[in-house]
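# Chain and residue survey
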Amino acid sequence: ARAIFELGIRQDPANPLNLVGLGALDLIRKDMAAARTDFDKALALLPSKANKQIKMAPDRQARVLIHMAEAYVIATVHDTATVFDLLRRAEKLDNKNPQLYIVKGDVYFYLLNDGSKAISNYNQAKALDPQSPEASLRIGQLWLRARQYTTALNYYQEVVKMDSTFGPAYRELGTLLSRAGR
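## Here's the deal with the packing of aromatic side chains
The tally for this structure, following the rule as stated, stands at 3 aromatic pairs. Ring centres of Phe84 and Tyr108 lie 5.3 Å apart, and the angle between their planes is 45 degrees; this geometry places the pair in the tilted category. On the criterion of sequence distance, the pair formed by Phe84 in helix H5 (residues 80-93) and Tyr108 in helix H6 (residues 98-111) is long-range, its members being 24 residues apart. Across the pair, exposure class does not vary: Phe84 and Tyr108 are buried alike.

Written as structure tokens, this is what we have:
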């Protein structure tokens, strides 16, 4: 993965997402200093008061910030102050992005163990994009964790109806049915 992101940086040095990918890999390895360096380089590629010559659509800027926050969740790094700062900045740029609320829900679900705030954010994502299988899948995962198997099953079946090619739904459905001995 590192080689692919480095190739991406060489081919498109103005694309901050490749640096975010490198930073995410560093977070997974728990190399916080390297991750911070990569994320700082990515942030330097976003428009700011100091970088007025850089032109980038607000929704693209928000996507970069959301991916940074998501990297912390994936790596289970409990730096929630940084994560929520990134998400607040993304929300100011594009508050209609369902991925923003999915990642925010993931922070509450995986890092803070707060199911009620997680489901609130997943529902917000689902309201913004009713056909998103990801939001419904996350809600099902939350219900599975709460041992509400019937409710989780309903959400997983809803995801399969929405998008029959969405593989994670089948994985979760298989896990649930395995727990039920079916």
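## Notes on the side chain of Asn97
By secondary structure assignment, the location of Asn97 is in the loop between H5 and H6. Polar side-chain contacts of Asn97 include one of 2.8 Å to the backbone nitrogen of Gln99. Excluding residues within four positions of it along the chain, Asn97 makes contact with Ile66 and Leu128.

## Some words on the packing of helix H9 (residues 149-162) against helix H10 (residues 167-179)
Direction vectors running N to C along H9 and H10 enclose 150 degrees, while the axes themselves pass 9 Å from each other. Compared by their axis directions, H9 and H10 come out roughly antiparallel. Between H9 and H10 lies a crossing of left-handed hand. Facing H9, whose interface residues are Tyr149, Ala152, Leu153, Tyr156, Val159 and Val160, H10 presents Ala169, Tyr170, Glu172, Leu173, Leu176, Leu177 and Arg179. Broken down by class, the residue content of the contact of H9 with H10 amounts to 11 nonpolar, no polar and 2 charged.

## Quick word on the nonpolar core
Judged by nonpolar contacts, the single largest core of 41 residues is most densely connected at Leu27, Phe39, Met68, Tyr72, Leu87 and Val107. The set of elements that each furnish at least two residues to this core consists of helix H2 (16-28), helix H3 (32-44), helix H4 (58-74), H5, H6, helix H7 (115-128) and helix H8 (133-145). Sort the elements by how many residues they give to this core and H4 lands first, with 9 residues. Aside from chain neighbours lying at most four places away, what touches Leu87 is Ala69, Leu100, Val103, Lys104 and Val107. Listed in part, the 11 residues of the second largest apolar core include Leu137, Ala152, Leu153 and Ala169.

Calculation criteria
Residues numbered from 1 in each chain as written. Predicted model: local features only at pLDDT ≥ 70, side-chain atom pairs only at ≥ 80, totals over all residues. Heavy atoms only, no water. Phe/Tyr/Trp six-rings, centres within 6.5 Å; stacked < 30°, edge-to-face > 60°. Helix = DSSP H or I, 4+ residues; strand = E, 2+ residues; numbered from the N terminus. Buried < 20%, exposed > 50% of the residue type's maximum accessible area, 1.4 Å probe, protein only. Polar contact = N/O pair within 3.5 Å; in protein donor to acceptor, adjacent residues only side chain to side chain. Contact = heavy atoms within 4.5 Å. Axes fitted to C-alpha atoms, helices over the stretch in contact; angles between N-to-C directions. Parallel < 35°, antiparallel > 145°, perpendicular 65-115°, else oblique. Left-handed = near helix turned anticlockwise from the far one by under 90°. Nonpolar A, V, L, I, M, F, W, Y, C, P; charged D, E, K, R; others polar. Core = buried A, V, L, I, M, F, W, Y, C linked by side-chain atoms within 4.5 Å.

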